[in-house]
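Letter by letter, the chains look like this.
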Amino acid sequence: MGRGKIEIKRIENSSNRQVTYSKRRNGIIKKAKEITVLCDAKVSLIIFGNSGKMHEYCSPSTTIADMLDGYQKTSGRRLWDAKHENLSNEIDRIKKENDSMQVKLRHLKGEDINSLNHKELMVMEEALQNGLSSISAKQSEILRMVRKNDQILEEEHKQLQYALHQKEMAAMGGNMRVIQEEVYHQRDRDYEYQMPFALRVQPMQPNLHERM
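Let us look at the structure shown here.

What counts and what doesn't
- Residues numbered from 1 in each chain as written.
- Predicted model: local features only at pLDDT ≥ 70, side-chain atom pairs only at ≥ 80, totals over all residues.
- Heavy atoms only, no water.
- Patch = residues over 30% accessible without salt bridge, like charges linked within 9 Å, V, L, I, M, F, W, Y side chains within 5 Å.
- Areas by Shrake-Rupley, 256 points an atom, 1.4 Å probe, with all protein chains shown as cover.
- Salt bridge = Lys/Arg side-chain N within 4 Å of Asp/Glu carboxyl O.
- Lys, Arg positive; Asp, Glu negative; His and termini not counted.
- Charge placed at Lys NZ, Arg CZ, Asp CG, Glu CD.
- Helix = DSSP H or I, 4+ residues; strand = E, 2+ residues; numbered from the N terminus.
- Contact = heavy atoms within 4.5 Å.
- Core = buried A, V, L, I, M, F, W, Y, C linked by side-chain atoms within 4.5 Å.
- Buried < 20%, exposed > 50% of the residue type's maximum accessible area, 1.4 Å probe, protein only.
- Expected span 1.5 Å × (residues − 1).
- Polar contact = N/O pair within 3.5 Å; in protein donor to acceptor, adjacent residues only side chain to side chain.

**Digging into a negative patch on the surface**
A cluster of acidic residues, D150, E154, E155 and E156, forms a negative patch at the surface. Of note, D150 is situated in helix α4 (residues 118–201).

**Some remarks on the side chain of T62**
Tracing the chain through its elements places T62 in the loop between β2 (54–58) and α2 (64–75). T62 has contacts with K42 and M67, leaving out every residue within four places of it along the chain.

**A short note on the side chain of Q72**
Of note, Q72 is situated in helix α2. With residues up to four places along the chain from it excluded, the contact list for Q72 reads R77, R78, L79 and W80.

**Let's talk about the nonpolar core**
By size, the foremost hydrophobic cluster in this structure holds six residues: I29, A32, V43, L45, I47 and Y57. For this core, the secondary structure elements donating two or more residues are α1 (14–39) and β1 (44–48). Setting aside chain neighbours within four positions, we find I29 in contact with L45 and Y57.

**Details of α1**
What sets the pattern is the α-helix's 3.6 residues per turn: residues three or four places apart point alike. With 26 residues, α1 should cover 38 Å at 1.5 Å per step; its first-to-last C-alpha distance of 37 Å lies within 8% of that length. Turning to α1, the residues buried within the fold contact β1 and β2. Where α1 begins, the side chain of N13 points an oxygen toward the backbone nitrogen of S15, at a separation of 3.0 Å. Immediately beyond the C-terminal end of α1, within one or two residues, lies D40, with a positive phi of roughly 55°.

**Let's talk about the pattern of salt bridges**
Within the structure shown, the criterion is met by five salt bridges. A salt bridge links E97 to R93; the shortest N-O distance between them is 3.0 Å. A residue pair is termed a helical-turn pair when its members lie 3 or 4 positions apart in one helix, as E97 and R93 do in helix α3 (residues 82–108) at four residues. With a relative accessible area of 42%, R93 lands in the partly exposed category. For E141, the salt bridge is made with K138, and the minimal N-O distance between the two is 4.0 Å. With E141 and K138 both in helix α4, this residue pair falls three residues apart, about one helical turn. A cluster of three or more residues bridged by salt bridges with shared partners is formed by E90, R93 and E97.

**Some thoughts on α2**
For α2, spanning 12 residues, the distance from its first C-alpha to its last is 16 Å, which sits close to the expected 16 Å at 1.5 Å a residue. A positive phi of about 75° marks G76, the residue just after α2.

Read these as layout, nothing more, since geometry by itself doesn't imply function.
Now the structure itself:
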């Protein structure tokens, strides 16, 4: 017995709906692959499930971007406006410029230069010489700055040493004054201590001597 006719409407049960989606999605992709091989057709297929997950298939002989361009040209419908088209052109231009710079960088490193002619090699040599001159000038400038900074630091070091020496001399002078004052005071104390003995040897009252 053949299969019964299935009514095409939304499947309410979420589990059954997911199973049916998975089976039919795989079936559509299989049919797209078959028609690509059997009929040498270019097929592009994009499927989004209700969860937002994307599945796609594109014939090996083409790309989805080429298919969209072909669709736009054939149908006359614009899939994107001029702003996006200009942005795409700018991206392509930047990519080409980047590729060109990468090639020039390899040439400056001495890589892949066999394809260059004599004139291109001369231009590259001149560019390298100019670069070396700029580097040498920058190195000389940095060396002068380093030497100048060394001189400044050395002068500051000398000034600090001189200031420290002055402070040490001032401190030593203060100590000497203190020592001298102590010596003077000590002499005064010794003199005062010896005064009574001098008075005994030479009495200031002669009458006392006569009485004795």
